[in-house]
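Chain by chain, the residues run as shown.
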Amino acid sequence: MTKAENPIHDRRSPDGTAALRLERCVAHTLRVIEAACVEREDAPVKAARRHLAEIYGVTRLSRRLERRGTPA
């Protein structure tokens, strides 16, 4: 008797739990992919906001120095 003929080695569930496990696994994988995409998109936003904050800070400083009459 081969493994395929032996019911002990047949891992398929007659009630469809294998399909349910596969659906859960696929759903979990999709959630992991979505989280990675969100994380990947988040980093450039933080960098852009940091860059704009630096520009804003430099602009405020130069305007303040202009008002005082101090050369920058």
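Up top is the structure.
Residues numbered from 1 in each chain as written. Predicted model: local features only at pLDDT ≥ 70, side-chain atom pairs only at ≥ 80, totals over all residues. Heavy atoms only, no water.

*Asks:* Is there a simple way to explain a positive patch on the surface in this structure?
*Replies:* Together, Arg60, Arg63, Arg64, Arg67 and Arg68 line one region of the surface with positive charge. Within the secondary structure, Arg63 is located in helix α1 (residues 17–68). On the basis of relative accessible area, Arg63 is assigned to the exposed category, the value being 53%. (Patch = residues over 30% accessible without salt bridge, like charges linked within 9 Å, V, L, I, M, F, W, Y side chains within 5 Å. Areas by Shrake-Rupley, 256 points an atom, 1.4 Å probe, with all protein chains shown as cover. Salt bridge = Lys/Arg side-chain N within 4 Å of Asp/Glu carboxyl O. Lys, Arg positive; Asp, Glu negative; His and termini not counted. Charge placed at Lys NZ, Arg CZ, Asp CG, Glu CD. Helix = DSSP H or I, 4+ residues; strand = E, 2+ residues; numbered from the N terminus. Buried < 20%, exposed > 50% of the residue type's maximum accessible area, 1.4 Å probe, protein only.)

*Asks:* Which parts of the structure should I look at to understand α1?
*Replies:* Residue pairs spaced three or four apart in an α-helix point in one direction, given the helix's 3.6 residues per turn. Taking 1.5 Å of rise per residue, the 52 residues of α1 would be expected to cover 76 Å, and the 76 Å separating its terminal C-alpha atoms lies within 8% of that figure. Count one or two residues on from α1 and you reach Gly69, which has phi positive near 90 degrees. (Expected span 1.5 Å × (residues − 1).)

*Asks:* Any chance you could explain a nonpolar patch on the surface here in plain terms?
*Replies:* A cluster of nonpolar side chains, Leu22, Val26, Leu30 and Ile33, forms an exposed patch at the surface whose accessible area comes to about 380 Å². Look at Leu30 and you get exposed, because its relative accessible area is 52%.

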